Structures are given as C-alpha cells and as structure tokens.
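Analysis of the macromolecular model
These are the residues of each chain, in order.
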Amino acid sequence: MLTWISLTALAMVLSLVASELFHRTLIPRLVSRGYISEDVHKPGRPKVPEPAGPAVYLSFAISMMVVSHLAGSVALEGVVASTGLAFLIGLLDDLSPLGPKTKPLLLILPALLLAVSGEIVPRPYLPILGRARLYYTYWIVLATMFTVFSNGVNMMDALNGMMPSSVFASTLPLVPVLIALGSYTGLISLIALYGSLIPYYIRNRYPAKVFGGDSNSLFVGAALASVAAISNTEAFFAISLLPFMVSGFSILASIGGLLERRDIRVRPVIVEGGVIRANPDKKAPISLIAILTSYEGKVEPRIVKEVVAISLISGLLSCFTFFLLTPR
Amino acid sequence: MDKGFLLAIYSVISGWILILMSLSLIKVLIMTLGTKGFLIALIEVVVGFSALGGALYLWYLTLRALFLRVKSSPGKGHGGPGGT
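Positions within a chain are numbered from 1, following the residues in the order the chain's sequence is written. Going through the entries in the order they are written, you letter the chains from A and number the ligands from 1. Per-residue local features are limited, in this predicted model, to residues with pLDDT of at least 70; the limit for side-chain atom pairs, both in listing and counting, is 80 or more; totals at the level of whole chains, interfaces and linings are taken over all residues. For the side-chain quantities, the full set of heavy atoms in the structure was used; hydrogens and water were omitted.

**Some details on the packing of helix H5 (residues 108–116) of chain A against helix H6 (residues 138–156) of chain A**
Residue and element names in this part refer to chain A. For the record, the criterion: Axis definition: a line fit to C-alpha positions, over the contact stretch in the case of helices; interaxial angles, taken between N-to-C directions, run 0 to 180 degrees. Secondary structure elements are defined from DSSP: runs of H or I of at least 4 residues count as helices, runs of E of at least 2 residues count as strands, and each element is numbered from the N terminus. Roughly parallel covers angles under 35 degrees, roughly antiparallel covers those over 145, roughly perpendicular covers 65 to 115, and oblique covers all other angles. For any pair of crossing helices, the crossing counts as left-handed if the nearer helix is rotated counterclockwise from the farther one by less than a right angle, and right-handed if it is rotated clockwise. Contacts were defined at the residue level, with two residues in contact if any of their heavy atoms lie within 4.5 Å. Here the term charged refers only to Asp, Glu, Lys and Arg, the term nonpolar to Ala, Val, Leu, Ile, Met, Phe, Trp, Tyr, Cys and Pro, and the term polar to all other amino acids, Gly among them.
Following both chains from N to C, one finds H5 and H6 inclined at 130°, their axes separated by 8 Å at the closest point. By the angle between their axes, H5 is oblique relative to H6. Handedness of the H5/H6 crossing: right-handed. On H6, the residues touching Ile108, Pro110, Ala111, Leu114 and Ala115 of H5 are Trp139, Leu142, Ala143, Phe146 and Thr147. The residue makeup of the contact of H5 with H6, split by class, is nine nonpolar, one polar and no charged.

**As for the pattern of salt bridges**
Quick note on the threshold: Here, a salt bridge means any Lys or Arg side-chain nitrogen found within 4 Å of an Asp or Glu carboxyl oxygen.
The final tally for this structure, using the stated rule, is 14 salt bridges over all chains. Several salt bridges share partner residues, and in doing so they unite Glu296, Lys298, Arg302 and Glu306 of chain A together with Asp2 of chain B into one network.

**Observations regarding the interface of chain A and chain B**
Interface size, as often reported, equals the accessible area lost upon joining of the parts. The line we're drawing: Defined in terms of a 1.4 Å probe, buried area is the accessible area two parts forfeit on being brought together, summed over both. Any N or O atom pair separated by 3.5 Å or less is treated as a polar contact, with the protein-specific requirement of one donor-capable and one acceptor-capable atom, and with residues adjacent in sequence counted only for side-chain atom pairs.
Every contact between the two is made by 44 residues of chain A and, on the other side, 42 residues of chain B. Counting the surface lost from both chain A and chain B, the interface buries some 3,600 Å², and carbon and sulfur atoms represent 75% of this. The tally of links between chain A and chain B comes to two salt bridges. In this structure, aspartate 2 of chain B and arginine 302 of chain A form a salt bridge, with 3.4 Å as the shortest nitrogen-oxygen distance. Linking chain A with chain B are seven residue pairs in polar contact (both at pLDDT 80 or more). If you list the elements that add at least two residues to the side of chain A that touches chain B, you get helix H12 (242–255), strand S6 (275–278), helix H13 (288–292) and helix H14 (300–325) of chain A. It is H14 of chain A that provides the largest number of residues to the side of chain A that touches chain B, a total of ten residues. Of the residues contributing to the side of chain A that touches chain B, the split by class is 27 nonpolar, nine polar and eight charged.

Encoded structure:
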C-alpha cells in the first residue's frame, strides 16, 4: 500500500516537472517555426502557438515508464503504448488533417494495442448489475470507448482551459473509486495524467498562451479510456464524462453523421465582440456550449466555469453510483 | 442560474438516469432468462444495447426540443449589435 502511494506521488512529481520543462522548451520553438493558430473566440483573433500535445504526452510517457520499471507493471507499459499511438494519430491530424471517418477508425488501434498487452480483464463493474462477464462483447465496447472518449475530449477542447479543467472536475471524484477497487495502476495513470496536464492548463486557461491540438486531446481521451479499461471502471468513466458525450453525441445526431469540427457548415455558436451565443439558425447542431448559451450570450470564462460545474456534477454522480448503486 | 445552464444540467442528469434504466432492464432480462447459453447471453446483450441506443436517441430528441424552445425565447445578450 505504502509502495503504491509513493509510486503515485512519484508519477505526479515526475510528470508535473517534465511537463513544465517541456512546455518551456516547446512553446518558443512552436512560435519561431510558425506553428500558430488563431483564437477565434476573441476580438482581433490573437495568434496562439499550437500544438502543445508533445509536451503533455512526453511528460506522461516518461513518468509512466519510470514508474512501470519500478513497479514491474505491464499494464502501465500498455497504457504508455496505446496512448502514444493515439497521440501520434492526433499529431498526424495536427500536421495534415485526417478525414472525418478515418480518425474514429484509426482510434480503434490504440484499443487493440492495450488489449494485446494481456492486462485487460473483460469483467467490467456495472451499476445495478455488479461485476459482469463480457468475454465476447467486451472488445467491441473497448474499441468504441477509445473512439468515443477521444472524440468527446476533442469536442470539449473548444474554449480556453475548458478541456483540462473539465477533465479534472469530472474524474477527480473517481479517485476514491480507484482506491476502493485497489486499482493502483489505474490510479497511477490518472495521477500522472493530472501531473502532465497541470502546466498545460496554466498556459491554456483564459487568455490562452498555447493550444494543445488534436495530439493533446486524442491522447487525453485515450488515457482516460485506458485508465477505465485497466481498472474495469468503464461505466463509471462513461458517467463522469457525460458532458463530453453530450457534445459529441448531439453534434453527431444533429448533423446526421461523422464530420470534422472544421467541416460543420452551420456553426453551433456565433461570436460577437467576445460574447458567445447559440446560433439562432434552427439547423445549427447542438453542442454543450450552444446549450449553455441558448438563453443568453456569455463570455468565454463564464462558459468554462459552467462546464466545470457540470463536469463536477457528473463526476459526483458517477462516484455516488459506484458506492451506492453497484453490487460488489 | 439561467435556462441554458439548467438545460445543460438536465442533459447530464437525464443521461445518467437513462444509463441506469438501461442497466436495470438488462438486470430484469438476466433474472428472467438466466445467463446459461450463448444465444440467451447474445439476446440479452443485443436487447441491452438496443435499449441504450433507443434511450439515447429519445434523450437527444427531448434535449433538442427543449434546446430549440429555450433558444427561441432568449434572455439578455441576444439583442446586441449584430444580433438576430
């Protein structure tokens, strides 16, 4: 127990320090090489360096590899490999955009990589039902989970600081769940993810000094799916990430299929003088930001605060579901 | 707390209730049909996933109806410069 606590603390410190150093090194290089994007939600559309994904993923990978070596855990190595593949798919998308159908299909590969590590037990804990035995269908669920989580996190990366802060808020209530299940590999992976995201959050919060890009969001989504899979808490992560699914599912349903965010013709929201509001066009797709601004226009920091509040509610619902509605 | 924020909270809580209802249906199926045999297990999984899919679509339709209603009766911030 004490060993796992010290390994978790080590994972946090290593990923935090490495992420800070990588951000300091990467951002000036992104600027000098012209890797710049426009912040479209602000007046004057300021230029912001992108992508910071390599700084976030590499710090996570270094920390996880050190800890997996010390703990002798194959599961942690599987997480590093599968999230690494998701990061590479995202980086490819940052450099040369992938098609709207290619990306979700490619995101099945990280799930396969995690499955071949041999550390996945197809026996997820389910609310109401308890521990299930899904020997045949589990692998379809695993592949779907990677695609859905990665795209959900990608959709959530729309405003300054929104993705990392909502990831913290929705998954922090799951830390007691991982401890209660004794899933220390899941706990270490989640804490290492927090450590690598904190320096990014400090720079990405309003007004953003850096954007993560798809390399960051797809990696974070795959990391959350990996943590859920190795700890058999898939259903609880799905509940805690419900605000991420709201955006993903309703955009998918309202446009009638898979499309890239940049290819959606009628935008869900419109921006006027820094105020964001739902597009009055009835054909505009529904997104979480459109829902929040459907009644009145709001400024970016207020929307992010509300998304964090909603994420915290879903995280607490998930924690409550585990401790009170799940037979163990 | 405005109507948009309340609608977002509704979307999350209703999604959570739908997941629990789908799992409750699977539990009823398991208790009724048992878990012996591949075919029965397959039927349970197919019915369970279909129920979840159907419930999600129903959830989307109600959310869309509420969203359009709130959007068509906007509060402050909708009549500003360039507003429609």
